[in-house]
Amino acid sequence: MNNSVKTDDVIFNFFKQICDEKDELKCVELGNSWIKAMETNLSNMEANLDEKDRIKHKEDIQNNRDHLNGLKGKTSAEWKEYATKCMIEIMDSKV
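Since the structure is predicted, the reported quantities are computational estimates derived from the model, not experimental observations.

**Q** Honestly, the overall build of the protein in this entry has me stumped. Any pointers?
**A** Helix and strand counts for the protein come out as five helices and zero strands. What you see in the protein, going N to C, is helices and strands ordered as α-α-α-α-α. Once the C-alpha set of the protein is aligned to its principal axes, its extents read approximately 45 × 30 × 15 Å. Within the protein, the fraction of its 95 residues that count as buried is 22%. Pairs at least 24 residues apart make up 65% of the contacts formed inside the protein by residues separated by at least 6 positions. For the protein, the computed accessible surface area is about 6900 Å², with 53% contributed by carbon and sulfur atoms.

Take a look at the structure:
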């Protein structure tokens, strides 16, 4: 549980950094780095699944890939809106 809270804090702070960034290009770069990190994470998790679990979670994995693909090409304003929503979800889950 404690590790989960720390992970949420790291994610929250990353999204806060996106929201606080004044330079639009850097904001988009931060968002794109989020996509790349999550794609790497997803690939690593999938690689560690045995065949049975890979089949079981195939749809969830694809949904996550689709979500990440949908984030590509966002503007600074769109990243800030997305990051704000994610921060709200994190705060709501702590209650």
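**Q** So what exactly am I meant to see when it comes to the nonpolar core here?
**A** For soluble globular proteins, nonpolar side chains are generally found buried alongside one another. Ranked by internal contacts, the top residues of the largest apolar core, which has 16 residues, are F15, I18, W34, I35, L71, W79 and Y82. Those elements that place two or more of their residues in this core are α1 (2–20), α2 (24–47), α4 (58–71) and α5 (76–94). Sorting elements by how many residues they give to this core places α5 first, with six residues. Ignoring any residue separated from it by four or fewer positions in sequence, one finds F15 in contact with W34, Y82, A83, C86 and M87.

**Q** So what exactly am I meant to see when it comes to the packing of aromatic side chains here?
**A** Remark: the centre distance and the inter-plane angle together describe each pair of aromatic rings, the angle taken between the planes. In total, this model carries five aromatic pairs according to the counting rule given. Ring geometry for F15 against Y82: centres 6.0 Å apart, planes inclined by 80 degrees, an arrangement best described as edge-to-face. Linking F15 in helix α1 with Y82 in helix α5, this pair joins segments that are 67 residues apart in sequence. In this pair, the class of F15 matches that of Y82, namely buried. The structure contains a cluster of three or more aromatic residues connected by ring pairs, namely F14, F15, W34, W79 and Y82.

**Q** Quick question: what am I supposed to make of the pattern of salt bridges here?
**A** Side-chain pairing between opposite charges can occur once the charged atoms of the two side chains come close. Evaluated as defined, the whole model comprises six salt bridges. Its salt-bridge partner being D20, residue K16 comes within 2.5 Å of it at the nearest N-O pair. Highlighted residues: K16 and D20, both in helix α1, separated by four residues, approximately one helical turn. What makes K16 partly exposed here is its relative accessible area of 36%. The class for D20 is partly exposed, based on a relative accessible area of 42%. For R54, the salt bridge is made with E51, and the minimal N-O distance between the two is 3.0 Å. Taken as a pair, R54 and E51 lie in helix α3 (residues 51–56) at a separation of three residues, close to a single helical turn. R54 gets classed as partly exposed once you look at its relative accessible area, which sits at 26%. For E51, a relative accessible area of 48% corresponds to the partly exposed category.

Calculation notes
- Residues numbered from 1 in each chain as written.
- Predicted model: local features only at pLDDT ≥ 70, side-chain atom pairs only at ≥ 80, totals over all residues.
- Heavy atoms only, no water.
- Helix = DSSP H or I, 4+ residues; strand = E, 2+ residues; numbered from the N terminus.
- Buried < 20%, exposed > 50% of the residue type's maximum accessible area, 1.4 Å probe, protein only.
- Contact = heavy atoms within 4.5 Å.
- Areas by Shrake-Rupley, 256 points an atom, 1.4 Å probe, with all protein chains shown as cover.
- Core = buried A, V, L, I, M, F, W, Y, C linked by side-chain atoms within 4.5 Å.
- Phe/Tyr/Trp six-rings, centres within 6.5 Å; stacked < 30°, edge-to-face > 60°.
- Salt bridge = Lys/Arg side-chain N within 4 Å of Asp/Glu carboxyl O.

In short, shape yes, function no, at least from these values alone.
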